[in-house]
Amino acid sequence: MQRRRWLKALLLSAMLPRRLFAAAPSFPAVEPRPLAFPRDHGAHPQFRTEWWYLTGWLETAAAEALGFQITFFRSRTTHDPANPSRFAPHQLLFAHAALARPRLGHLLHDQRAARVVRDDPTARFSLADTDLILAGWQLRRTPEGRYDARIDAETFALDLRFSPTQPVLLQGEGGYSRKGARPQQASYYYSQPQLVVSGSVVQGSERLEVGGRAWLDHEWSSQVLDESAAGWDWVGIDLDDGGALMAFRIRARAGGASLWAAARLRTAGGREFSFGPDEVRFEPEAHWLSPRTGTRYPVRCRLTLGRGADALRYEIEPLMEDQELDARRSTGAVYWEGAVTLLGDGKRRGRGYLELVGYHRPMRL
Amino acid sequence: MKLGFWLALGELRAHPGRLLVALAAIAIGVALGLAVQLINASAAAEFSQAVRATTGQADFEIRGPRGGFDDRVLERVAADPAVAVASPMVEVDARVLDAADAGPNETRILKLIGIDPFRAAQVTPALLGVPADEGDGLALLADDALFLSPAAQAWLGVSPGQTLRLQSGLEAVTLRIAGGLPGARPRQRIATLDIGAAQWRLARLGLLTRIAVRLKSGSEVTAAKARITASLPAGVFVAAPEDADVRASNLSRAYRVNLDVLALVALFTGAFLVFSTQTLAVARRRGEFALLRTLGWPASRLIAYLVTEGATLGLAGGLLGAISGIAVARFALELLGGDLGGGYFAGIVPELVVDTPVIIGFVLLGTFAAAAGSLAPALEIARTAPAQALKGGAESGRGGTVGRHGPGIALLGIGAVLTQLPPIDGLPIAGYLAIVCWLIGGIGLMPGLAGRVFSLCARWLEPLAARRPLAFLSLQRLAAAPGQAGIALAGVVASFALMVAMAIMVGSFRDSVDRWLGRVLAAPLYVRVPAGGNSAFVPPETLAAIAAQPGLERFEWLRIQQLDLDPRRPPVTLMARTLDKRDPGRRIPLTGAALPPEAVAEGSVPVWVSEAMVDLYGWSPGSRQRLPLAGRAVDVTVAGVWRDFARQHGTVTMALDDYRRLTGDEGITDGALWPRAGITPAELAAAIQRATPATRHLDFAEPGEIRAASLRIFDRSFAVTYLLEGVAIVIGLAGIGASFSAQALARAREFGMLRHLGMTRRELLRLLGFEAGGLTLFGIASGGALGLAIALVLIHVVNPQSFHWNMDLAVPWRLLGAVTALLLAAAVGTALLATRQATGTGPVRAVREDW
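Residues numbered from 1 in each chain as written. Chains lettered and ligands numbered in written order. Predicted model: local features only at pLDDT ≥ 70, side-chain atom pairs only at ≥ 80, totals over all residues.

### Points about the overall build of chain A
Moving on, step 1. Across its full length, chain A holds one helix and 23 strands.
Moving on, step 2. The C-alpha radius of gyration computed for chain A amounts to 19 Å, which stays within 12% of the reference 21 Å derived for 365 residues, consistent with globular compactness.
Moving on, step 3. Looking at chain A as a whole, 52% of its 365 residues are labelled buried.
Moving on, step 4. Once local pairs closer than 6 in sequence are excluded, the contacts in chain A between residues at least 24 apart make up 56%. (Helix = DSSP H or I, 4+ residues; strand = E, 2+ residues; numbered from the N terminus. Rg over C-alpha atoms; globule rule 2.2 N^0.38 Å. Buried ≥ 20, exposed ≤ 12 C-beta atoms within 10 Å, placed from the backbone. Contact = placed C-beta atoms within 7 Å.)

Take a look at the structure:
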């Protein structure tokens, strides 16, 4: 148990500048620029942090609803860039995968981690397009724009294909997404909503043919969170009418007030609306107390976009309450990441994922 | 047994000194044997556990040359379908610079292991550092941080937060101590760091030294091994974790067995002392025992009583020996480490493992030895008719054995045959048995031989009888009753033979090493990369700078590294050096003729191997072998055999230009430098260090220093044999003392008659002096001959079979002469003292004998 404590510390501090003797590498700042595809589907190894995040709802032939999450996470370390060793840990890759199956009552999850070693085919990323491999796990974008994911976890396996039905959704200002009051607190961020999923899930002795809708986020940055931030609430919803909604807020350590917030809505007709920090509100409605970690998560909440009478009011309902990802024994991270239903006026409007980070302990990113 | 108790107590009261000597001898034997055993068991246990900590849950390991192998092997191994995790490692022994409380000449070598924490977590979790600052997880991947085991922190007097200056190769590297290694063994001194940092900071770019492999559950281990083996380059191989134990045991096995044999010699000595003590006691208490017999004690009870008396003595000695043995082992482990200074388990500081069955075994061995020593005199007294014994002063029946030469001669013959046998399981068991046969056979033949020789002398000296009556009388006496003198003779012969054998063996060895050092240390100045840098080397730039030094007339380079030819054996040394292929004997001491270059087939590379290569790997002269070099199997021809006293596990020498051509490796580890006329070696060394700062971490040494240091190490490792030589002399003297005391008792009537005939007491003592002198001289002559024969076995059988090196016979005449004179004087003195005590109080009260 103790031997794994380091990994947690590693993940938590992976982005902290911590130098004593060696020369620190410099990380590029995030500045507004037009994103260019397919290049920007690929990795941006100069930046400190980057992730590809797939979440979505699946339905089995027996109409059972499942939630899933697949994340590939790239981190550039502060290891001296002058180190010519093939093994120098300049770039690390992590991957998470989770499966939410209400009949189990909790998440199944697994993870992989490795350094990127030159010429080593088992852990690599591509600069040209999304093409990630980590210890047998794979996420790849085909030239036609389809994403293929193959995850062979300890307790389940995912073999899924994701076909886009609409263009990428650039978050923020043309993909420049601010995360705080200071301009450098920003990331490059685009989403790929309304992905049509097909494939199979293996869980236990069952092999389930599935279909569904998914959401992909690709985000990279060098400095995101303010020192005073504890974590964030994020939601990404494929609306039933074909639209898409993303909203997040950064919470302060003290009091849990919002430090920053933003949302973007794409309507069924393709029109896009942005909401600024004072136009996005997350309000907890009901909490769930984790019996494992003792953490309280606002798993039911109200989301309000805009102000006054024109405001859009939604309610967020989890697929199941316990979608806590307790990876203290491996990567150490503890957060809630779950399949949710978006309700408006008591009716279902869409389905997607809610992420509640920093409720266990303040997240440093 | 109440009576027996009082009898024994009486004996103890009467002769506490003698019993104590016998007790001490048993105790020394038990202590020495037990200490060797315990130390080795402790070292092996610690080594094995340390290996476990670094192999963790690996199913097997990939290993290769000490200097490392191409790190691309990792991908090949990881690609095998059965492999779950392949965890790469780079191990480097680095010298710790400015360690807090190291002595001025103490070099502290720390084992650094570069790991990939992501993979190590799944195979060798014990090697994962735990950052002192919990938020500093990135330290595990840092380029400037290391994690120190608790034992290493204590040893170096440092703690997390501080920095450590290390020297790897020629570079000084400063690393911060980011935390500890709580998973390390309590006494394991290691440090781990990121593998990328290790490759870079410790100059091992592109190299790995080990890969720990864990297979997917349910995989076929044998098949995976075979597949992976087939994919590995030459010189890189799959090794099972248990191979490391076998290898560790093989490392020190011969050394250990030889120490065990020395312990048996001490135990034998103890048994002999018990024998002589009991013989004397039996002689003195002849009357008492005869009385007991007539009072109804059967012979068997008497025998049982005497053997019990000896066994009690042995038990006491054994217990004392066990206590001292444990103490000695504890002390030696602290002071010398687990290899008793033999240098086999560097970096391992074992904790004493007290193994109760072993201790009990040694105590029993001591008890049995003493009981066996009592058996002969007990049987003899039991055989004597009580009536005859009661009369007292009668000649003992020991003369009866004189005539029997058969067993002695047979033993000598068996011994001779045994010397011709090959080693058993790599150990010179037959050689040692031959020595035992010769010793026992020789001693057995002594009384009879002595009788013959002395009668011959007496007959020869008969004309001089009138002029030298005392000398003649003593010879007559010796010739007539050789059995009486048996104990004295056996003591002298045994002790002198053992002493001569050890002195000749050690002397020959030292002489051979000394001459060998003279040959291999031909240059006036040597330079080498510091100790512990098992794969450090001087880079070509630095070499060029040294070569350009104006004060340097000539130089020769060596590249020394270790490689494994067999995973279950200790590594072999590969030495590439500047060498004249036509005349390699100028640089390496060949044991025979070498193959000329034209006799080596086209495409094959000539190598000259040490004797161990021939014995252990069958690399006989003229044979063609495959040598793994730079990942390829190179065809080599054994062009000659040379003697290497420095490396007992095998050395392969090749010409440096061949090595460079085959590997492209331009680095060197050692250099021999010849300064220009008028420049001293010290001046040259200083000039090189001034001109080329990169050389300031190199060790410069002149041959004199190297030689003195080597011989100092030699003498230290043979110190225990000097101690045993002393013990051997004590047995000799004890034998003489006991023998003459017994005789004085037995011959009380004879002395009384001689006194009655007008011989003064002084003359009587002179007579006995002559007897003792004659006997000792004879003993020395026969013991010397026997010792020489044993020495030849040690030199030509035991040493080559144990250590795979041959040496030339060199007899240390002066030492032997001095010891002979000393032994002679001491023997006569002891005999006189014993007799004087036995006869001092007048013929009537001559019953109270002692020496």
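### Some points on helix H20 (residues 681-691) of chain B
Moving on, step 1. Of all the residues in H20 of chain B, the buried ones are Pro681, Leu684, Ala685 and Ile688 of chain B. In a view along the axis of H20 of chain B, the buried residues occupy a sector of 100°, so they form one face of it. (Arc of directions from axis to C-beta.)

### Focus on the sheet that holds strand E15 (residues 572-577) of chain B
Residue and element names in this part refer to chain B.
Moving on, step 1. Across the sheet, nine strands lie side by side as E17-E18-E16-E19-E15-E14-E20-E13-E21; this open sheet has mixed pairing. Looking at the sheet topology across the chains shown, the edges are occupied by strand E17 (624-629) and strand E21 (699-701). Averaged over all pairs of adjacent strands, the angle between strand axes in this sheet comes to 30°, irrespective of strand direction.
Moving on, step 2. Sheet analysis places strand E16 (residues 605-610) next to strand E19 (residues 651-655), joined by three bridges and oriented antiparallel. Counted as the bridge partner of Val607 is Met654 from E19. (Pairing = 2+ DSSP bridges. Axes fitted to C-alpha atoms, helices over the stretch in contact; angles between N-to-C directions.)

### Brief notes about the pairing of strand E4 (residues 107-115) of chain A
Residue and element names in this part refer to chain A.
Moving on, step 1. A large share of E4 lies buried, amounting to seven of its nine residues.
Moving on, step 2. Inspection of the sheet shows strand E3 (residues 91-100) paired to E4 by nine bridges, in the antiparallel sense. From the neighbouring strand, His96 faces E4, where its bridge partner is Gln111.
Moving on, step 3. Counting the residues between successive antiparallel strands, the hairpin from E3 to E4 contains six residues, one of them, Gly105, with a positive phi of roughly 85°.

### Details of the pairing of strand E17 (residues 272-275) of chain A
The side chains of a regular strand alternate, residue by residue, between the two faces of the sheet.
Moving on, step 1. As judged from the four bridges shared by strand E16 (residues 258-266) of chain A and E17 of chain A, these two strands associate in the antiparallel manner. Across the sheet, residue Arg266 of chain A finds its bridge partner in E17 of chain A, namely Glu272 of chain A.

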